Amino acid sequence: MNLPIYMDHHATTPVDPRVLDAMLPYFTRKFGNAASGNHDFGHEAHDAVETARGQVADAIGAISAEIIFTSGATESNNLALSGVIRQYAERGNHIITTAIEHSSVLDTARDLERSGVTVTYLPVGRDGIVDPAHVQRAITGQTVLISVMYANNEIGTIQPIPAIGALARANDILFHTDAAQALGKVPIDVVADHIDLMSLSAHKTYGPKGIGALYLRRRKPRIRLTPMIHGGGHERGLRSGTLPVPLIVGFGKAAEIAVNEMDSESRRVAALRDKLKTLIMDRLDGVTVNGSESHRLPNNLNMSFAGVDGESVLLGLKGVALSTGSACSTAEPEASHVLKALGLPPERLQSSIRFGLGRFNTDEEVTYVADRLETAIADLRKLSPRHHSTGSPSAPTNSN
Ligand code: PMP
């Protein structure tokens, strides 16, 4: 077993060696600009981009013409919200979203509020799931867009996307979902689920960083957008800029592998995750799982450990890469907005750890992490007057 062990796959994933192999020729021999129509270097790059577009489309039940390449899910989320609001201004000025979205949705929504848009931030239950009845009740005559993430990056909860899609369609409102964490983990079907726009990111799925996509429905209804980036008219004028061909090729390959291997990988990773949970629960008391256990990504486990500070636990865990929450917000020392939205008491907010398992984790690594965690937490609890062991195995265990 090699140290350090990486168990933070919600933050990012390593590039799969098969993905890297697919990308390499496009840095050197096949370096053409996909927009150069006058020679074979350009044609070769263009063909590679279109193959990748098809691979990404296939992974979500879309067609190639519905995929716009962006720099990642942050850009896709910005473009989806701002692009729809500006394009459909005559329909209204209200967006419905949730309190547990990624900051790239929440901060875009707040920015739009400053320019006169009204935003409803729906609460979630203690299980971290949005109630579709709350979505229905939030709809007004001004609602243009509903944006609800597919799966959460901190607690892994999977939202009732088919139900929300159906009610968006019934009310003639556009539906966007941020599926950055869901691709390759759960089956996605944009047609069956009435999804109009969807954000994706390659680096959460063993592809390279710096590339993502926005799915944009072409038919029934055809979605239009006001672009944010202007220039040479790439990506049907919706996102100008020379296409990063190697990254796009890598994204296509990563999406293809993710979907082909999803069933077996999800089962294997979920079994490792469940083993980790059982080992921890059996050995430590005062442990609670944050968020629904039934509607959850196969690779996610988020737990609070009574009487200890999550950051201190991580400092004591040498050789293991974990996180207390979202990597994207570590600059802000604030407690996680996702855990706050679950209504957790303050002590559980500060004592949480996120485990994000992945393709290359092993059984041996899970055992090692559980061992190290047990020692680190026991050591901290000895020092801390806050936690008194009851002696009983795992006191209240779950938030559901
Ligand atoms: N949405 C979610 C749910 C995410 O987890 C992330 C990455 N932390 C993003 C959006 C942003 O993706 P990217 O890094 O591709 O900009």
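The structure displayed is predicted, hence computed values, not measured ones. (Residues numbered from 1 in each chain as written. Predicted model: local features only at pLDDT ≥ 70, side-chain atom pairs only at ≥ 80, totals over all residues. Heavy atoms only, no water.)

Draft legend 1. How the structure looks around the overall build of the protein chain. Scanning the protein chain for helices and strands turns up twelve helices and twelve strands. Here the C-alpha radius of gyration of the protein chain, 22 Å, is about what a compact globule of 400 residues would show, namely 21 Å. Taken along its principal axes, the extent of the C-alpha atoms in the protein chain is 70 × 55 × 35 Å. Put simply, the protein chain has 400 residues, and 56% of those count as buried. Residue pairs in contact within the protein chain that sit at least 24 positions apart in sequence constitute 76% of those at least 6 positions apart. Total accessible area on the protein chain stands at roughly 16300 Å², and carbon and sulfur atoms take up 55% of it. Computed over 39 positive and 43 negative side-chain charges, the inter-centroid distance for the protein chain is 2 Å. (Helix = DSSP H or I, 4+ residues; strand = E, 2+ residues; numbered from the N terminus. Rg over C-alpha atoms; globule rule 2.2 N^0.38 Å. Buried < 20%, exposed > 50% of the residue type's maximum accessible area, 1.4 Å probe, protein only. Contact = heavy atoms within 4.5 Å. Areas by Shrake-Rupley, 256 points an atom, 1.4 Å probe, with all protein chains shown as cover. Lys, Arg positive; Asp, Glu negative; His and termini not counted. Charge placed at Lys NZ, Arg CZ, Asp CG, Glu CD.)

Draft legend 2. Main features of the packing of aromatic side chains. Following the criterion strictly, the structure yields three aromatic pairs and no others. Ring centres of Phe31 and Phe41 lie 5.2 Å apart, and the angle between their planes is 35 degrees; this geometry places the pair in the tilted category. Highlighted residues: Phe31 in the loop between helix H1 (17–23) and helix H2 (40–60) and Phe41 in helix H2, separated in sequence by ten residues. Relative accessible area serves as the criterion here: at 53%, Phe31 is assigned to the exposed category. Given a relative accessible area of 40%, Phe41 falls into the partly exposed group. (Phe/Tyr/Trp six-rings, centres within 6.5 Å; stacked < 30°, edge-to-face > 60°.)

Draft legend 3. Highlighting the site of the ligand. Residues in close proximity to the ligand total 15 residues, the closest being Thr74, Asp178, Gln181, Ser201 and Lys204. Between a nitrogen atom of the ligand and a side-chain N or O atom of His102, the distance comes to 3.4 Å. In this structure, a nitrogen atom belonging to the ligand sits 2.7 Å away from a side-chain N or O atom of Lys204. Here the ligand loses 90% of its free accessible area of 400 Å² to cover by the protein chains. With three residues, the single largest contributor to the shell around the ligand is helix H3 (residues 73–87). (Near = heavy atom within 4 Å. Polar contact = N/O pair within 3.5 Å; in protein donor to acceptor, adjacent residues only side chain to side chain.)

Draft legend 4. The arrangement of the sheet that holds strand E6 (residues 174–178) in detail. On the basis of which strands lie adjacent, the open sheet formed by seven strands has the order E2-E8-E7-E6-E5-E3-E4 and mixed pairing. Two strands lie at the open edges of the sheet, namely strand E2 (67–70) and strand E4 (118–122), each paired on one side alone. Within the sheet, the average angular offset between the axes of one strand and its neighbour, ignoring direction, is 20 degrees. Contacts from H2 reach E2, strand E7 (197–201) and strand E8 (212–216), with the element oriented near 110 degrees to E2. The strands touched by H3 within the sheet are E2, strand E3 (94–98), strand E5 (143–147), E6, E7 and E8, with E7 carrying the most contacts at an inclination of about 160 degrees. (Pairing = 2+ DSSP bridges. Axes fitted to C-alpha atoms, helices over the stretch in contact; angles between N-to-C directions.)

Draft legend 5. Quick peek at helix H4 (residues 103–114). Helix length check: H4 (twelve residues) gives 16 Å between terminal C-alpha atoms against 16 Å at 1.5 Å per residue, within 8%. Every buried residue belonging to H4 is among Ser104, Val105, Leu106, Thr108, Ala109 and Leu112, and all of these are buried. On its buried face, H4 is in contact with H3, E3, E4, E5 and helix H10 (337–341). A positive backbone phi angle near 100 degrees is found at Gly116, which sits one or two residues after H4. (Expected span 1.5 Å × (residues − 1).)

Draft legend 6. How the structure looks around the packing of H3 against H4. Here H3 crosses H4 at 30 degrees, and the two axes come no closer than 9 Å. Relative to H4, H3 is oriented roughly parallel. Along this stretch, H3 crosses H4, giving a crossing that reads as right-handed. For the pair H3 and H4, the contacting residues are Ala73, Thr74, Asn77, Asn78, Leu81, Ser82 and Ile85 in the first and Ser104, Val105, Thr108, Ala109 and Leu112 in the second. Residue composition of the contact of H3 with H4, by class: six nonpolar, six polar and no charged. (Parallel < 35°, antiparallel > 145°, perpendicular 65-115°, else oblique. Left-handed = near helix turned anticlockwise from the far one by under 90°. Nonpolar A, V, L, I, M, F, W, Y, C, P; charged D, E, K, R; others polar.)

Draft legend 7. Local environment of the side chain of Ser104. Take Ser104: it is sitting in helix H4. Owing to a relative accessible area of 6%, Ser104 belongs among the buried residues under this scheme. Engagement of the side chain of Ser104 in a polar contact is seen with the side chain of Asn77, the distance being 3.0 Å.

Draft legend 8. Quick peek at a nonpolar patch on the surface. Taken together, the side chains of Val15, Leu20, Leu24 and Phe27 present a nonpolar region at the surface, about 340 Å² in accessible area. Along the chain, the position of Leu24 falls in the loop between H1 and H2. (Patch = residues over 30% accessible without salt bridge, like charges linked within 9 Å, V, L, I, M, F, W, Y side chains within 5 Å. Salt bridge = Lys/Arg side-chain N within 4 Å of Asp/Glu carboxyl O.)

Draft legend 9. Layout of the domain arrangement of the protein chain. Entries for the protein chain in the domain assignment read domain 1 (5–12 + 262–390) and domain 2 (17–260). Computed from C-alpha coordinates alone, the two centres of domain 1 and domain 2 are separated by 29 Å. Contact with domain 1, which involves 33 residues of that partner, is made by 36 residues of domain 2. Both faces considered, domain 1 and domain 2 share a buried interface measuring about 2800 Å² in area, 54% of it formed by carbon and sulfur atoms. Together, Met262, Leu297 and Arg359 form the three largest contributors to the area buried by domain 1 at its contact with domain 2, with a combined 26%. Across the domain 1-domain 2 interface, the total number found is zero salt bridges. (Domains from an automatic or database assignment. Buried area = accessible area lost by both parts, 1.4 Å probe.)

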